[in-house]
Amino acid sequence: MHSAAVTALLLAAAFKRGKQTRSRISNKTVENVSGRKRLTASFIVELMNTIVEYDVTMTELDGGGFGLLYTRTLRGAKTLSALNLLTNEELDNPNIEALEAELDHERPDFAEEA
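Cut-offs and rules
- Residues numbered from 1 in each chain as written.
- Predicted model: local features only at pLDDT ≥ 70, side-chain atom pairs only at ≥ 80, totals over all residues.
- Heavy atoms only, no water.
- Helix = DSSP H or I, 4+ residues; strand = E, 2+ residues; numbered from the N terminus.
- Buried < 20%, exposed > 50% of the residue type's maximum accessible area, 1.4 Å probe, protein only.
- Contact = heavy atoms within 4.5 Å.
- Pairing = 2+ DSSP bridges.
- Patch = residues over 30% accessible without salt bridge, like charges linked within 9 Å, V, L, I, M, F, W, Y side chains within 5 Å.
- Areas by Shrake-Rupley, 256 points an atom, 1.4 Å probe, with all protein chains shown as cover.
- Salt bridge = Lys/Arg side-chain N within 4 Å of Asp/Glu carboxyl O.
- Axes fitted to C-alpha atoms, helices over the stretch in contact; angles between N-to-C directions.
- pLDDT = per-residue confidence, 0-100.
- Parallel < 35°, antiparallel > 145°, perpendicular 65-115°, else oblique.
- Left-handed = near helix turned anticlockwise from the far one by under 90°.
- Nonpolar A, V, L, I, M, F, W, Y, C, P; charged D, E, K, R; others polar.

1. Here's the deal with the overall build of the protein
Move 1: Scanning the protein from terminus to terminus reveals 6 helices and 3 strands.
Move 2: In the protein, the succession of helices and strands from N to C terminus is α-β-α-α-β-β-α-α-α.
Move 3: Its C-alpha atoms give the protein principal-axis dimensions of about 50 × 30 × 25 Å.
Move 4: For the protein, the residues scored as buried account for 22% of the 114 residues in total.
Move 5: The long-range fraction of contacts in the protein, counting pairs at least 24 apart against all pairs at least 6 apart in sequence, stands at 53%.

2. Thoughts on unusual backbone geometry
Across residues other than glycine, the phi torsion is negative in most instances, and most of the peptide bonds are trans.
Move 1: Backbone geometry places K19, a non-glycine residue, at a positive phi of 55°.
Move 2: Considering the arrangement of structural elements, one finds K19 in the loop between α1 (4–17) and β1 (22–25).
Move 3: Positive phi values are uncommon outside glycine, yet D55 reaches one of about 65°.
Move 4: Mapping D55 onto the fold places it in the loop between α3 (41–51) and β2 (56–60).

3. Focus: the pairing of strand β3 (residues 66–70)
Move 1: Where burial is concerned, most of β3 is hidden: 4 out of the 5 residues are buried.
Move 2: Bridging between β1 and β3 involves 4 bridges; their strand directions are antiparallel. Across the sheet, the residue bridging to R24 is G67, located in β3.
Move 3: Of the pairings in the sheet, the one linking β2 to β3 comprises 5 bridges and is antiparallel in character.

4. Notes on a nonpolar patch on the surface
Move 1: A cluster of nonpolar side chains, namely L80, L83, L85, L86 and L91, defines an oily patch on the protein surface of about 530 Å² accessible area.
Move 2: Within the secondary structure layout, L85 lies in helix α4 (residues 82–85).

5. Considerations on the sheet that holds β2
Move 1: Strand order in this open sheet of 3 strands is β1-β3-β2, and the pairing throughout is antiparallel. Taken across any chain shown, the strands that pair with only one partner, and hence form the sheet edges, are β1 and β2. Strand-to-strand twist in this sheet, taken as the mean axis angle between neighbours without regard to direction, amounts to 20°.
Move 2: Here α1 sits on the sheet in contact with β1, β2 and β3, set at roughly 65° to β3.
Move 3: Running at roughly 80° to β1, helix α2 (residues 27–34) makes contact with β1, β2 and β3 of the sheet.

6. Some points on the side chain of T7
Move 1: As for its position among the elements, T7 is in helix α1.
Move 2: Those residues in contact with T7, other than ones at most four positions away along the chain, are H2, V33, S34, F43 and L47.

7. Remarks on the confidence of the model for the protein
Move 1: Per-chain confidence: the protein averages 88 in pLDDT, with 91% of residues scoring 70 or above.
Move 2: Note on residues 110–114: pLDDT is under 50 here. Beyond four places in sequence and across chains, it has 1 contact.

8. Examining the packing of α1 against α2
Move 1: Following both chains from N to C, one finds α1 and α2 inclined at 120°, their axes separated by 9 Å at the closest point. Of the possible angle classes, the one that applies to α1 and α2 is oblique. Where α1 crosses over α2, the handedness of that crossing is right-handed. Between α1 and α2, the contacting residues are T7, L10 and L11 on the first element and V30, V33 and S34 on the second.
Move 2: Tallied by class, residues from the contact of α1 with α2 come to 4 nonpolar, 2 polar and no charged.

This is the structure:
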């Protein structure tokens, strides 16, 4: 059974060898690489906090598994200024239902990019 630090190193190496800027991995892959039969929340948190040392961001996906991406791919991204995009009224008294409806309506479907 490997520590989160060793698992992070192994996953980062596999990610680099895959030559992608973003990838998905299953829970089973993390179990196999870590040598664990069960993934605890504390192990996953430690793994996510450790893998960033290798310039990799790991996030849990809604459909199961995890997403990996190189953090450096965000360096050239446009800066988002929430203060320019949200009204003072929204900041002072957010209409939760309206904001959630906006997000549900305009949520991008990234599955089409794969």
